[in-house]
Amino acid sequence: MTTTLPAALRAPFASGGTSAIDAQLANRLLGIALEAGGDYADIYFEFRVSADFTLEEEQVRTLGRGISLGLGVRVTKGDATGYAYCEDLAWEKMAHAARTAGQIAVGGGHPPIGVAAMSQIPIPSFYAVPTPSLVVSTQDKLTLLRAADKAARAYDARIVKVEASFTESIKEVLLFTSDGRMASDVQPLMRFGVRAVAEQEGKRQGGSAGGGGRFGMDYFAAAQRDATAHGREAARVAIAMLDARDAPAGEMQVVLGPGDSGILLHEAVGHGLEADFNRKQTSNYSGQLGQLVASELCTVIDDGTIANSRGAINVDDEGYAGQHNTLIQNGVLVGYMHDRLSAKHFGLRPTGNGRRESFQSMPMPRMTNTSLLGGKDNPDDIIKSVKRGVYAKRFSGGQVNISNGDFVFSLSESYLIEDGKLTAPLKGVNLIGNGPEVLRRVDMLGTDYELSDGIWTCGKDGQSVPVNVGTPTVRIASITVGGTQA
Amino acid sequence: MSTSDSAGKSASAPSAGMSERRVKEICDIAQLAVELAKKAGADHAEVVVRDGSDLTAKVRLGEPELVQEAGSTALGLRVVRGGRRAVTHTSDLRREALEALCAETVALAGFAEVDEFALPPDPSLLATSVAELDLYDPRVAEVDAAWALRQAIAAEAAARKHDARVTNSEGATWSRTLGASAFATSGGFVGGYRGSSASLVVEPLCDDATDPANPKKRNGFWWTASRFLSELEAAEAVGIEAARRTVATLGSRKVETQECAIVFDPEVARSIVGTIFSVANGSSFWRKSSYLVGREGELIASPLISIVDDPLRPRGPGSRPFDGDGLPTRVNQVVDRGVLCPVLCDVYSARKLGRQSNGASGRSVGGNPGPTASNLIMQAGTMSKQDLVRSTKKGLYVTQLMGFGFNAVTGDFSRGAQGFWIENGELTFPVSEVTIAANFDEILKRIDAVADDLVLRTAIAAPTFRVSHMTLAGTSRN
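Computed from a prediction, not measured in an experiment: that's the story for all the values here. (Residues numbered from 1 in each chain as written. Chains lettered and ligands numbered in written order. Predicted model: local features only at pLDDT ≥ 70, side-chain atom pairs only at ≥ 80, totals over all residues.)

Observations regarding the overall build of chain A
Okay, so step 1: Within chain A one finds 9 helices and 24 strands.
Okay, so step 2: In terms of overall dimensions, chain A has C-alpha extents of about 70 × 55 × 35 Å along its principal axes.
Okay, so step 3: Residues classed as buried in chain A amount to 62% of the 486 residues present.
Okay, so step 4: In chain A, once contacts between residues fewer than 6 apart in sequence are set aside, the share between residues at least 24 apart is 75%. (Helix = DSSP H or I, 4+ residues; strand = E, 2+ residues; numbered from the N terminus. Buried ≥ 20, exposed ≤ 12 C-beta atoms within 10 Å, placed from the backbone. Contact = placed C-beta atoms within 7 Å.)

Observations concerning the overall build of chain B
Okay, so step 1: Assigned secondary structure in chain B consists of 10 helices and 20 strands.
Okay, so step 2: Whereas a compact globule of 478 residues would reach a radius of gyration of roughly 23 Å, chain B reaches 25 Å, a difference of no more than 12%.
Okay, so step 3: Its C-alpha atoms give chain B principal-axis dimensions of roughly 75 × 60 × 40 Å.
Okay, so step 4: In chain B, which comprises 478 residues, the proportion classed as buried is 58%.
Okay, so step 5: A separation threshold of at least 6 residues defines the contact pool for chain B, and within that pool the share at least 24 residues apart is 74%. (Rg over C-alpha atoms; globule rule 2.2 N^0.38 Å.)

Describing the interface of chain A and chain B
Okay, so step 1: Contacts between chain A and chain B engage 69 residues on the former and 65 residues on the latter.
Okay, so step 2: Per-element accounting of the side of chain A that touches chain B gives the leading share, 12 residues, to strand β2 (residues 59-77) of chain A.
Okay, so step 3: Each residue belonging to the side of chain A that touches chain B can be placed in one class, and the counts come to 21 nonpolar, 37 polar and 11 charged.
Okay, so step 4: Here β2(A) pairs with strand β3 (residues 84-90) of chain B via 4 bridges, running parallel. (Nonpolar A, V, L, I, M, F, W, Y, C, P; charged D, E, K, R; others polar. Pairing = 2+ DSSP bridges.)

Here we look at the nonpolar core
Okay, so step 1: Residues A:Val73, B:Ala30, B:Ala33 and B:Leu396 are the most contacted members of the largest nonpolar core, which totals 291 residues.
Okay, so step 2: At 10 residues, the largest contribution of residues to this core is made by helix α4 (residues 145-162) of chain B. (Core = buried A, V, L, I, M, F, W, Y, C linked by C-beta atoms within 7 Å.)

Quick word on the packing of α4(B) against helix α5 (residues 235-247) of chain B
Residues and elements named next belong to chain B.
Okay, so step 1: Closest axis-to-axis distance for the α4/α5 pair is 7 Å, and the angle between their directions is 40 degrees. In terms of orientation, α4 and α5 fall into the oblique class. Of the two elements, α4 crosses α5, and the hand of that crossing is right-handed. Facing α4, whose interface residues are Gln151, Ala154, Ala155, Glu156, Ala157, Ala158, Ala159 and His162, α5 presents Ala235, Glu236, Val238, Gly239, Ile240, Ala242 and Ala243. (Axes fitted to C-alpha atoms, helices over the stretch in contact; angles between N-to-C directions. Parallel < 35°, antiparallel > 145°, perpendicular 65-115°, else oblique. Left-handed = near helix turned anticlockwise from the far one by under 90°.)

Some points on the domain arrangement of chain B
All names here are of chain B.
Okay, so step 1: We note that the domain assignment places domain 1 (20-240) and domain 2 (252-478) within chain B.
Okay, so step 2: Placing a centre on the C-alpha atoms of domain 1 and another on those of domain 2 gives a separation of 24 Å.
Okay, so step 3: Contributing elements (two or more residues each) for the side of domain 1 that touches domain 2: β1 (44-60), β2 (63-81), β3, β4 (166-185), β5 (190-208) and β7 (222-226).
Okay, so step 4: Per-class residue counts for the side of domain 1 that touches domain 2 are 18 nonpolar, 6 polar and 5 charged. (Domains from an automatic or database assignment.)

Focus: the domain arrangement of chain A
Residue and element names in this part refer to chain A.
Okay, so step 1: By domain assignment, chain A separates into domain 1 (7-241) and domain 2 (249-482).
Okay, so step 2: Counting from both sides, the interface comprises 35 residues of domain 1 and, opposite them, 25 residues of domain 2.
Okay, so step 3: Secondary-structure elements contributing two or more residues to the side of domain 1 that touches domain 2 are β1 (40-56), β2, β3 (80-86), β5 (159-177), β6 (181-200), β7 (203-213) and α4 (227-241).
Okay, so step 4: A class-by-class count of the residues in the side of domain 1 that touches domain 2 yields 16 nonpolar, 10 polar and 9 charged.

Considering the environment of A:Leu256
Residues and elements named next belong to chain A.
Okay, so step 1: Tracing the chain through its elements places Leu256 in strand β8 (residues 249-256).
Okay, so step 2: Put simply, Leu256 and Arg10 are 246 residues apart on the chain and 43 Å apart in space, counted from C-alpha to C-alpha.
Okay, so step 3: Setting aside its immediate chain neighbours within four residues, Leu256 contacts Ser261, Leu264, Ala392, Thr471, Thr473 and Val474.

Overview of the packing of helix α3 (residues 138-155) of chain A against α4(A)
All names here are of chain A.
Okay, so step 1: Running from amino to carboxyl end, α3 crosses α4 at an angle of 40 degrees, the nearest separation of the two axes being 7 Å. Crossing geometry of α3 relative to α4 is assigned as right-handed. Of α4, the residues touching α3 (which contributes Leu144, Ala147, Ala148, Asp149, Ala151, Ala152 and Tyr155) are Ala227, Thr228, His230, Gly231, Arg232, Ala234, Ala235 and Arg236.
Okay, so step 2: Split by residue class, the contact of α3 with α4 holds 9 nonpolar, 3 polar and 3 charged.

Listed below in structure tokens is the structure:
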């Protein structure tokens, strides 16, 4: 880690901090956690500083800032987990949390097992941010918001409203495990967003744009990512959608644009390949390792090592380094995403996917940056090949039912394809499909793989974590489009 | 601030719960923070303090899977100085930390632009007493992890025993939350209250080999929740209902794309009521981000529809004795026989719209106040649910909705749906993987039947109702 932080942004538990936690103290806490007979324990310290800025009606309305500090103690006994947390680094509070979590093992436990000597695990560095945005002056961020607002308004006189926002955080974590692993990380995250509303003859439409990731202010250095580019893009979508017509209803060919379409992948297969569902046999991908679960064109990876990407992790929240994992190779299911518990169940090494929202929640298998790799088709040829269908360009989100594989995702900018050309823009519409069925129907893949600009947050069991997605242009032979024109 | 270390040991002393004394303590902290903010240079300061303590006990296939027990406290501060505002939050409530936070918040406000609407309400409007709404049950606090686990085990066992087609389980979870909330302002308001809630959810799983070429799993769930322990449904009954609902989805299939009637089960009807609130509140109105802007006093829904927001309902899951601006709460009509009433406002959105707040402000720890529904209730009709279904010739009875396909600005609505096909007034086979779509304005006006089966166990509640027709997208027509 080469990120250097001013004192106010340093965790009090970090070495040299006001309440530094060292291996010796952690060992004592882990010993208490295991007193009742647990098999394994870990302690996760987290310090988070965040800030947000919004501009509305051409004025900076709100500035916000927040600080949270706490630690979570987890004890496992077989497949059972005890969890407790506290927001205080006072010894008796921490010891109480350790004891509470340890109660899971009461009755039927073995005599307390020892805690191994700590050694720092080596971790990579995928987001060394020389100057985190939190240390940059507030004025600089407000200048960006104003620039985006101005660019959106300048794009077209029909833009009547613009909102711009900047949110940022730095999270410092420190983890100790009873099997002797110690890991620490500093995780910066920022996101810039613009929303524009266009109005014409009483009709209104909105458009959004944005991006971010584990960057500092260097994020804005690239031309396509500067504040004015995001402002113009939000305005472009809002104006384009003014002419939107009712979307068709029923099964048809659909072409997904590159980048953000990865949301489909995230919902259609990603969640189903998180190994907790497969350990419990509750996923529709359970027991299918080695089988063809998608079109042979499809290779799907989850990669926590993509530099500065929103889903990148140097180390997961159980102390395993971020990894590049292949999930589906040429259509064949080759691996799941694991946390410690599921890896143990399958007799495998953890894959660096054990993540948690905060110290208040226990880790579980989660995606990082999930991608469908590029293929051989020219993206223009893919569109040209469709006689009548829908081209999906921007998305507002998705959801999946893990058990039966049904998923939906919502299009916020899409177009009708008629005789190989994009024609009318379509009103907001949902696509619905079944994950394995839709992946078998992928019949063309573009050469234009793209990683989405970082805006996505994934929710599972009430826990939110930042993720990213990527795809090339994709043609799906048939999927149900949920419009109103039957 | 964990209340107990008795997990797994039923012989230990009951936990302390959320005492009246604790409510007083966090009121004092809120008042202290208001004073410190004034000292740091704020013209006005508002402080919210929330204290919470949770217990979650989850079992799966008869074995404990998770016991989580912990508490947390957070403080949120909003200051106005020279008409400029900033909001901050922290989990560090030590005096020196609060002093630093206040100084930082006042400095941060200096970067904002002057917003004449952001001033706190006139002190004469603030609530002068805190109504007792019976929101806290000490018996919920007394539950220990062992008892919670036994409830979850009983519920899951009942589900698995009820029907042999229940072949697996995503588990059963018993959980409780004890909370206290305090609010203090430089205008002189200070108040606090406590609340409890307990719930049990059971999630059975079935293997569905109806289509041998494409075997699937089918999940379902049922739940009970209340602020009072004695009002929870029996664990076994919850498990049996969960099993019944899950088994009923075996053999789900798509139907052909068509226009047909859509009947919303109460479990999804309430999400439609939530969607109405998302476009009928002061914030969406002044932001012009709602298709309903400018339509107060007009017919925006079927005359069968009346919706009320009632924050004062004793034991109500969404009840609150004062609002997020410190104003007294009151019952507000939201839709009256299809006519849109004055929308729910907090002080800020009311000022933006040139009117008075109707006491419907909500405030999170880290955010600005905004209009928030309390107990938002769609009134029951007179027809039984059976008669409603019986009078439906052809349509979809929807039990689950998926996705986020709603555009508030235009009203375009398109969501994934699951449920049962209705043919000649009878529920026939289960349906999945279809979408239902129409413009929301039309959906509300096309409601042609409302049943009498309203149950008030959720903050947003609705009876079964029917929309005369929407577009259902499924398989291609041959």
